[in-house]
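# Commentary on secondary and tertiary structure
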Amino acid sequence: MRLIYYSVFFLWYLLSLLPLRVLYVVSDALFYPLYYIIRYRRRIVRRNLETSFPDKSPEEIGRIERGFYHFFVDYVMETLKLFSMPKGQMRRRMTFGGLDTLQEELRQEGKKTCFVFLGHYCNWEYVASLPGWVPGLHCGQIYHPLYNPAFDRLFLRLRSQFGGECIPMKETLRRLLALSREDTTSVIGFIADQAPKWEAMDHWTTFLHHDTSFFMGLERIARKVDAAVYYLEVKRVRRGYYHAEFQRMTLHPREAAEGALTDEYARRLERQIQEAPDCWLWSHNRWKRTKEEWEQRRKQPKEGGNAV
């Protein structure tokens, strides 16, 4: 594993030394074989787009599809560049708005913990540079460890290089409870648009014309520790440049009904995707688990005596 890690790191680091303008030339060149020859997840992307935008014509769907693949290869090159990108350049390429307001609201309410919802939208890896903008706060992110230990170690290095803490999903509750008892104010980000496993499904909402299940864990922990909850709206300003705006969802999560914050998150992310659909991760098989199958599985203990 160590050999794989250092070999891949060395290769990626060397490539990352190339200027982004050169990497974008590589990106433009890679688009054609990826889209037309390899056809990476083309069937999933096309199905996701057609069912999410039933009113769009085949020509419009095709334009969005090609736009997504152009963005996706850019995302890969931009993430590769992170291995050697200086902090100064990172601060120019990823900016944040609403931080002063967020910190003032937390101070006025006496909050020590702030949770931030975001999606696989624009370059989510760049969001990990937030600690460079708020040196007085403890920043972290919930992540799902990769199956390959070498690549998991590589991405952990990538995501923590600006000072943020990477919290494994299985340790989320324990770590967030511990942080809530500390004196330091913590801002914890969670990419919440992945498909939960069957056992984690218990809340459904309509999202992009689909019955969609979302993780409820962060919302429930927010109520447990009385954390402020924000949404991070990330936009692509131009190629290689992004801006993220913190938008308050609630300072008092215990006053919100069960599922209300998750539903609001879904609505906010949906609006962003509808406005600029190219920048969402359409290659993720988001709706592989359906509500109908989930309901059938829920009936199994009663009908067959075997819980799933």
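### Structural notes on the packing of helix α8 (residues 172-180) against helix α9 (residues 217-225)
The N-to-C vectors of α8 and α9 enclose an angle of 30°; their axes lie 11 Å apart at closest approach. Between α8 and α9, the crossing angle belongs to the class labelled roughly parallel. When the axes of α8 and α9 are compared, the crossing they make is right-handed. In this structure, α8 contributes T172, L173, L176, L177 and S180 to the contact, and α9 contributes L218, I221, K224 and V225. By residue class, the composition of the contact of α8 with α9 is six nonpolar, two polar and one charged.

### Re the sheet that holds strand β9 (residues 241-250)
Taking strand neighbours across the sheet as the criterion, the seven strands line up as β1-β9-β8-β2-β5-β3-β4 in an open arrangement whose pairing is mixed. Strand pairing shows two members of the sheet lacking a second neighbour, β1 (94-97) and β4 (165-168), which therefore form its edges. For this sheet the average axis-to-axis angle between neighbouring strands, irrespective of direction, equals 30°. The sheet contact formed by strand β3 (residues 138-143) and β4 spans four bridges and is parallel. Each residue of the ladder has a partner; that of I142, found in β4, is I167. Those strands touched by α8 are β2 (113-118), β3, β4 and β5 (186-191), and its axis lies near 135° from that of β4.

### Overview of the side chain of R286
If you trace the backbone, R286 turns up in the loop between α10 (260-275) and α11 (291-303). An unpaired buried charge is present at R286: no salt bridge exists, and D193, the closest side chain of opposite charge, is 6.1 Å distant. From its side chain, R286 meets the backbone oxygen of D193 in a polar contact 2.6 Å long. A distance of 2.8 Å separates the side chain of R286 from the backbone oxygen of S213, its partner in a polar contact.

### Quick word on a nonpolar patch on the surface
Together, L11, L15, L18, V22, V26 and L30 give the surface a local cluster of nonpolar side chains, amounting to about 430 Å² of exposed area. It is helix α2 (residues 20-38) that contributes the most residues to the nonpolar patch, three residues altogether. The residue L30 is located in helix α2 in this model. On the basis of relative accessibility, which here comes to 38%, the residue L30 falls in the partly exposed class.

### Brief notes about the pairing of strand β7 (residues 210-213)
Examined bridge by bridge, strand β6 (residues 204-207) and β7 share four bridges and lie antiparallel to one another. Opposite T206, over in β7, you have D211 as the bridge partner. What sits between β6 and β7 in their antiparallel hairpin is a turn of two residues, with L208 showing a positive phi close to 55°.

### Looking at the pattern of salt bridges
A complete count under the given rule lists 21 salt bridges for this structure. The salt bridge partner of E125 is R159, with a shortest N-O separation of 2.9 Å. With E125 in the loop between β2 and β3 and R159 in helix α7 (residues 149-160), the pair connects residues that are 34 residues apart, well separated along the chain. Overall, the relative accessible area of 17% leaves R159 in the buried class. The closest approach of N and O atoms between R267 and E270, which form a salt bridge, is 3.3 Å. Taken together, the positions of R267 and E270, both in helix α10 and three residues apart, correspond to about one turn of that helix. For R267, a relative accessible area of 26% corresponds to the partly exposed category. Taken together, the shared-partner salt bridges connect D202, E219, R220, R223 and E258 into one network.

### Things to note about the environment of Q141
You can see Q141 is positioned in strand β3. On a C-alpha basis, the gap between Q141 and L82 in space is 17 Å, while along the polypeptide they are 59 residues apart. Every residue in contact with Q141, bar those within four places of it in the chain, is listed here: A128, R159, E165, C166, I167 and G189.

### Quick look at helix α1 (residues 2-16)
In an α-helix, one full turn covers 3.6 residues, which means residues spaced three or four apart are oriented alike. When the terminal C-alpha atoms of α1 are compared, their 21 Å separation across 15 residues agrees well with the 21 Å that a helix rising 1.5 Å per residue should span. Residues of α1 that are buried include every one of Y5, V8, F9 and S16, and no others. Considered in projection along α1, the buried side chains sweep an arc of 105° and stay on one side of the axis. Turned more than 90 degrees away from the buried face of α1, the exposed residues are L3 and F10. In the core, the buried residues of α1 are packed alongside α4 (58-81) and α7.

### As for α10
Here α10 is 16 residues long and its end C-alpha atoms lie 23 Å apart, about the 22 Å a rise of 1.5 Å per residue gives. All buried positions along α10 are accounted for by L261, T262, Y265, A266, R268, L269, E270, Q272 and I273. Along its buried surface, α10 packs onto β2, β6, α9, β8 (228-238) and β9.

Conventions used here
Residues numbered from 1 in each chain as written. Predicted model: local features only at pLDDT ≥ 70, side-chain atom pairs only at ≥ 80, totals over all residues. Heavy atoms only, no water. Axes fitted to C-alpha atoms, helices over the stretch in contact; angles between N-to-C directions. Helix = DSSP H or I, 4+ residues; strand = E, 2+ residues; numbered from the N terminus. Parallel < 35°, antiparallel > 145°, perpendicular 65-115°, else oblique. Left-handed = near helix turned anticlockwise from the far one by under 90°. Contact = heavy atoms within 4.5 Å. Nonpolar A, V, L, I, M, F, W, Y, C, P; charged D, E, K, R; others polar. Pairing = 2+ DSSP bridges. Buried < 20%, exposed > 50% of the residue type's maximum accessible area, 1.4 Å probe, protein only. Lys, Arg positive; Asp, Glu negative; His and termini not counted. Salt bridge = Lys/Arg side-chain N within 4 Å of Asp/Glu carboxyl O. Polar contact = N/O pair within 3.5 Å; in protein donor to acceptor, adjacent residues only side chain to side chain. Patch = residues over 30% accessible without salt bridge, like charges linked within 9 Å, V, L, I, M, F, W, Y side chains within 5 Å. Areas by Shrake-Rupley, 256 points an atom, 1.4 Å probe, with all protein chains shown as cover. Expected span 1.5 Å × (residues − 1). Arc of directions from axis to C-beta.

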